[in-house]
Amino acid sequence: MDTSRRDLLKTMTGLALAAVVEPSAARADDSPAPQVQPAQPNLIRDENRKPGASDWQLTRVRLDKDGFRSPWIEGYASKQSVEAGESIDLLISTNPARRFGIEIFRMGYYGGKGARLMTTLGPFEGKPQTSPALGPKNLHECQWEPTTKLTIPADWP
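Our subject in this report is the structure included herewith. Bear in mind the structure is a predicted one, so any value in this text is a computation, not a measurement. (Residues numbered from 1 in each chain as written. Predicted model: local features only at pLDDT ≥ 70, side-chain atom pairs only at ≥ 80, totals over all residues. Heavy atoms only, no water.)

1. Focus on the overall build of the protein chain
For step 1, the next point in the chain: Counting secondary structure elements, the protein chain contains two helices and five strands.
For step 2, the next point in the chain: Its helices and strands in sequence order give the protein chain the pattern α-α-β-β-β-β-β, from N to C terminus.
For step 3, the next point in the chain: Per-residue burial over the protein chain gives 20% buried out of 157 residues.
For step 4, the next point in the chain: Across the protein chain, contacts joining residues at least 24 apart in sequence account for 57% of those joining residues at least 6 apart. (Helix = DSSP H or I, 4+ residues; strand = E, 2+ residues; numbered from the N terminus. Buried < 20%, exposed > 50% of the residue type's maximum accessible area, 1.4 Å probe, protein only. Contact = heavy atoms within 4.5 Å.)

Here is the structure:
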């Protein structure tokens, strides 16, 4: 039997709709379908109505002689993005060793201020971490030890 492309698309669309309309029917183990949390349509708008902070931008950055780094304190996060309940490592190097704190800001409107202070961490005892060698395609890859881990609270949007 020769099935046309149109018939195949109809069949696949029907199967996809059946899975969306009745997801429990598609479960092989007959377990109940997972509960879906109701959407919070005003979550971001409500968050952006909270008071903002005007001191979130870096204003006192001192660069090295080449104008590219600030080796006195540098850092990065283990992930680009995380959801509430997930954790993220913060990896910091201070040269020379010194105490420091971390401020976590959420970017948003906040009455035009641009961010809100969510939490502060520390103080921590900073230490120099190995500067990475130049890799392929002129990339540097740090292999630093985590300074701390932050678990994102459930109420952070």
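2. Thoughts on the side chain of Thr 94
For step 1, the next point in the chain: Within the fold, Thr 94 resides in the loop between β2 (87-93) and β3 (99-107).
For step 2, the next point in the chain: Within the structure, the side chain of Thr 94 is placed 3.4 Å from the backbone nitrogen of Arg 98, a separation counted as a polar contact.
For step 3, the next point in the chain: Residue contacts for Thr 94: discarding those within four places in its chain leaves Pro 71, Trp 72, Ile 73, Phe 100, Gly 126, Lys 127 and Pro 128. (Polar contact = N/O pair within 3.5 Å; in protein donor to acceptor, adjacent residues only side chain to side chain.)

3. Thoughts on the nonpolar core
One recurring pattern in soluble globular proteins: nonpolar side chains tend to sit buried together.
For step 1, the next point in the chain: Ranked by size, the top nonpolar core spans twelve residues in total: Ile 88, Leu 90, Ile 92, Phe 100, Ile 102, Ile 104, Met 118, Leu 121, Phe 124, Leu 150, Ile 152 and Trp 156.
For step 2, the next point in the chain: Leaving out residues up to four positions away in the same chain, Leu 150 has contacts with Glu 86, Ser 87, Ile 88, Ile 104, Leu 121 and Trp 156. (Core = buried A, V, L, I, M, F, W, Y, C linked by side-chain atoms within 4.5 Å.)

4. A word on the pattern of salt bridges
For step 1, the next point in the chain: Taken as a whole, this structure holds seven salt bridges when the rule is applied.
For step 2, the next point in the chain: Notably, a salt bridge pairs Glu 125 with Arg 99, separated by 2.4 Å at the nearest N-O pair. Linking Glu 125 in strand β4 (residues 115-125) with Arg 99 in strand β3, this pair joins segments that are 26 residues apart in sequence.
For step 3, the next point in the chain: A relative accessible area of 52% places Arg 99 in the exposed class.
For step 4, the next point in the chain: A salt bridge links Glu 145 to Lys 127, with the shortest nitrogen-to-oxygen separation between them at 3.0 Å. In this pair, Glu 145 sits in the loop between β4 and β5 (148-151) while Lys 127 sits in the loop between β4 and β5, placing the two residues 18 residues apart along the sequence.
For step 5, the next point in the chain: For Lys 127, a relative accessible area of 37% corresponds to the partly exposed category.
For step 6, the next point in the chain: Ionic contacts of the salt-bridge type, sharing partners, join the residues Glu 47, Lys 50 and Arg 116 into one network. (Salt bridge = Lys/Arg side-chain N within 4 Å of Asp/Glu carboxyl O.)

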